[in-house]
Amino acid sequence: MITLKELGTIIEKNATTASDEFQRLFHGRGGLYEGYRHLTVDHVNPSILNIALYFEEPNEEDLLAMLMGSAVKMGYETIVVQRRYQKGAPSEILLGELPEDLYIIENGMKLKINLLANKNSYYFPDMKNGRAFVRQEAKAKHILNLFSYTCAFSVAAKFGEAKSVVNIDMSKGALKVGMANHSLNRLDPKGVSFLPYNILKSFSNIKRKGPYDLIIIDPPSFQRGSFEATKDYEKIIKKLPQIASEECTLLACLNSPELESSFLIDMIEQWAPSFVFEKRLQNLAEFASADEEKSLKNLIFKRKIS
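Quick caveat: nothing in here was measured; it's all calculated off a predicted structure. Within any chain, residue numbers begin from 1 and follow the written order of that chain's sequence. The model is predicted, so local features are restricted to residues of pLDDT at least 70 and side-chain atom pairs to those at 80 or more, both for listing and for counting; the totals for chains, interfaces and linings are taken over all residues. Remark: hydrogens and water are excluded; side-chain values derive from all non-hydrogen atoms of the structure.

Structural notes on the overall build of the protein chain
Stage number 1. What counts as a helix is a DSSP run of H or I of at least four residues, what counts as a strand is a run of E of at least two, and both are numbered from the N terminus. Helix and strand content of the protein chain: 8 helices and 16 strands.
Stage number 2. Against the 2.2 N^0.38 benchmark of 19 Å for 306 residues, the protein chain shows a C-alpha radius of gyration of 20 Å, consistent with a compact globule.
Stage number 3. Dimensions of the protein chain, computed from C-alpha atoms along their principal axes, come out at roughly 60 × 40 × 35 Å.
Stage number 4. Buried means the residue's accessible area, taken with a 1.4 Å probe over protein chains only, is under 20% of the maximum for its type, while exposed means over 50%, and partly exposed covers the values in between. Across the 306 residues in the protein chain, those meeting the buried criterion constitute 50%. For this measure, only C-alpha atoms enter the radius of gyration; the expected value for a globule follows 2.2 Å times N^0.38, where N is the number of residues.

If you want it as structure tokens, here you go:
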């Protein structure tokens, strides 16, 4: 197990490559550092450092004191800690203050972030390569973004000159943030829709707006009352042939440590065989994991009709 001093050195070294863009400086969740699986440290921008603690450890006070000292030495003016192991996952500003309308920058895109929100902050940094893929593939395409949350995929698609994007999520609040993300980037709203549907109960509405040239499925692994990957992902896969264009690209995402890539690959082979598995997108190096099958899985399929 590394010492607190060694941990500080790792974080300070990683911070030397930081820019105006969001960057993870330490990813204990990947299991590569014994004793620190509960810790992540993020460079939000050059003045804000965000710390997340996923479970309680006896040395928390010493750990935070070390991180505070390192952060100040590196020039951060605001330090936030979120204790995700406590009820409601409360956040605390340890130093400085946060601007009212905070956003991060990712590959030139601006995306809103709320570091004082319960649990999820509007932004999932590990999906950066998935958004880059969509941006690269989007030109002139009609895109379906399922479980769109705050519509970062849609912003990436518009940056990539998508013809149109249909964003679907049950949460009206998340979609409202998604609209703000588009405005923040001064994107033309023409052709972009934000629909508060229950995906599993609104297939006819989704089908009516198709067929789609690029489909993104990025569900929560488990969300009580709305989606459970082990039993609900199959329901969406079975519908794909009815809503996809003949040369449709599919980005199917899975972020459950318990489910491996084969869960999706086998399911699609069984229920939507016209979609052929092409590759798994590489995860960001800063999110390295001791077991990559327990980390984020972004799987690319291409529809091929013989």
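Resuming the write-up.
Considerations on the packing of helix α1 (residues 4–15) against helix α2 (residues 60–74)
Stage number 1. Axes, fitted as lines to C-alpha atoms, cover a helix only where it is in contact. Angles between the N-to-C directions of the axes lie from 0 to 180 degrees. Between α1 and α2, the shortest axis-to-axis distance is 10 Å and the interhelical angle comes to 35°. Seen from above, α1 lies across α2 with right-handed handedness. Contact residues: α1 offers Leu4, Leu7, Gly8, Ile11, Glu12 and Ala15, while α2 offers Asp62, Leu63, Met66, Leu67, Ser70, Lys73 and Met74.
Stage number 2. Of the residues that constitute the contact of α1 with α2, the class distribution is 8 nonpolar, 2 polar and 3 charged. By convention, the crossing between two helices is left-handed when the near helix turns anticlockwise from the far helix through less than a right angle, and right-handed when the turn is clockwise. Contact criterion: two residues are considered in contact whenever any of their non-hydrogen atoms come within 4.5 Å of each other. Side-chain classes follow a simple rule in which Ala, Val, Leu, Ile, Met, Phe, Trp, Tyr, Cys and Pro form the nonpolar group, Asp, Glu, Lys and Arg form the charged group, and the remainder, Gly included, forms the polar group.

Let's talk about the environment of Asn198
Stage number 1. Looking at the element boundaries, Asn198 is found in the loop between β10 (192–195) and α6 (203–208).
Stage number 2. With 27 residues separating them in the primary sequence, Asn198 and Ser171 have C-alpha atoms 9.0 Å apart.
Stage number 3. Counting of polar contacts relies on pairs of N or O atoms within 3.5 Å, with two restrictions inside protein: one atom must be capable of donating a hydrogen and the other of accepting it, and residues adjacent in sequence are counted only when both atoms are side-chain atoms. Within polar-contact distance, the side chain of Asn198 engages the backbone nitrogen of Leu200 at 3.1 Å.

Some thoughts on α1
Stage number 1. A helix's residues, less one, multiplied by 1.5 Å, set its expected span. Counted at 1.5 Å a residue, the expected span for α1 with its 12 residues is 16 Å, and the 17 Å between its end C-alpha atoms agrees.
Stage number 2. Every buried residue of α1 is listed here: Leu7, Gly8, Ile10, Ile11 and Ala15. Considered in projection along α1, the buried side chains sweep an arc of 160° and stay on one side of the axis. In α1, the exposed residues that point more than 90 degrees away from the buried face are Lys5 and Lys13.
Stage number 3. Those residues of α1 that are buried lie in contact with β1 (23–27), β2 (39–45) and α2. The arc in question is traced by the directions running from the helix axis to the C-beta atoms.

A closer look at the sheet that holds strand β5 (residues 91–95)
Stage number 1. Note on pairing: DSSP must find at least two bridges between two strands before they are called paired. Spatially, 5 strands are ordered β1-β2-β3-β4-β5 in an open sheet, and the strand pairing comes out mixed. If you trace the sheet from one side to the other, it starts and ends with β1 and β5, each paired once. Each neighbouring strand pair of the sheet contributes to a mean axis angle of 20°, computed without reference to strand direction.
Stage number 2. Together, β1 and β2 form the strand contacts of α1, whose direction differs from that of β1 by roughly 160°.

Some words on the packing of aromatic side chains
Stage number 1. In this scheme Phe, Tyr and Trp rings, the latter by its six-membered ring, pair at centre separations within 6.5 Å, and the angle between planes marks the pair as stacked below 30 degrees, edge-to-face above 60, and tilted otherwise. Throughout the structure, instances matching the rule amount to 7 aromatic pairs.
Stage number 2. Here the aromatic rings of Phe147 and Phe227 are separated by 5.0 Å at their centres, their planes lie at 70°, and the arrangement is edge-to-face. In this pair, Phe147 sits in the loop between β8 (142–146) and α4 (152–159) while Phe227 sits in strand β13 (residues 227–228), placing the two residues 80 residues apart along the sequence.
Stage number 3. Judged by its relative accessible area of 14%, Phe147 is buried.
Stage number 4. Here Phe227 falls in the buried class, since its relative accessible area comes to 1%.
Stage number 5. Sitting over the face of the ring of Phe203, Lys239 holds its NZ or CZ atom 4.6 Å from the ring centroid. Over a ring means this: the NZ of a Lys or the CZ of an Arg is within 6 Å of the ring centre and within 35 degrees of the ring normal.

Overview of the state of the cysteines
Stage number 1. In plain terms, two cysteine sulfur atoms within 2.5 Å form what is called a disulfide here. If you walk through the whole model with that rule in mind, you get 0 disulfides.
Stage number 2. Between Cys253, a free cysteine, and Cys248, which holds the nearest cysteine sulfur, the sulfur-to-sulfur gap is 13 Å.
Stage number 3. Take Cys253: its relative accessible area is 0%, and that puts it in the buried class.

Here we look at unusual backbone geometry
Stage number 1. The omega torsion across Gly210 and Pro211 is 0°, close enough to zero to call that bond cis.
Stage number 2. Secondary-structure assignment places Pro211 in the loop between α6 and β11 (212–217).
Stage number 3. Of note in this structure, Asn107 is not a glycine but carries a positive phi near 50°.
Stage number 4. Topologically, Asn107 is positioned in the loop between β6 (103–106) and β7 (109–112).
Stage number 5. Taking the relative accessible area as the measure of exposure, Asn107 reaches 35% and is therefore partly exposed.

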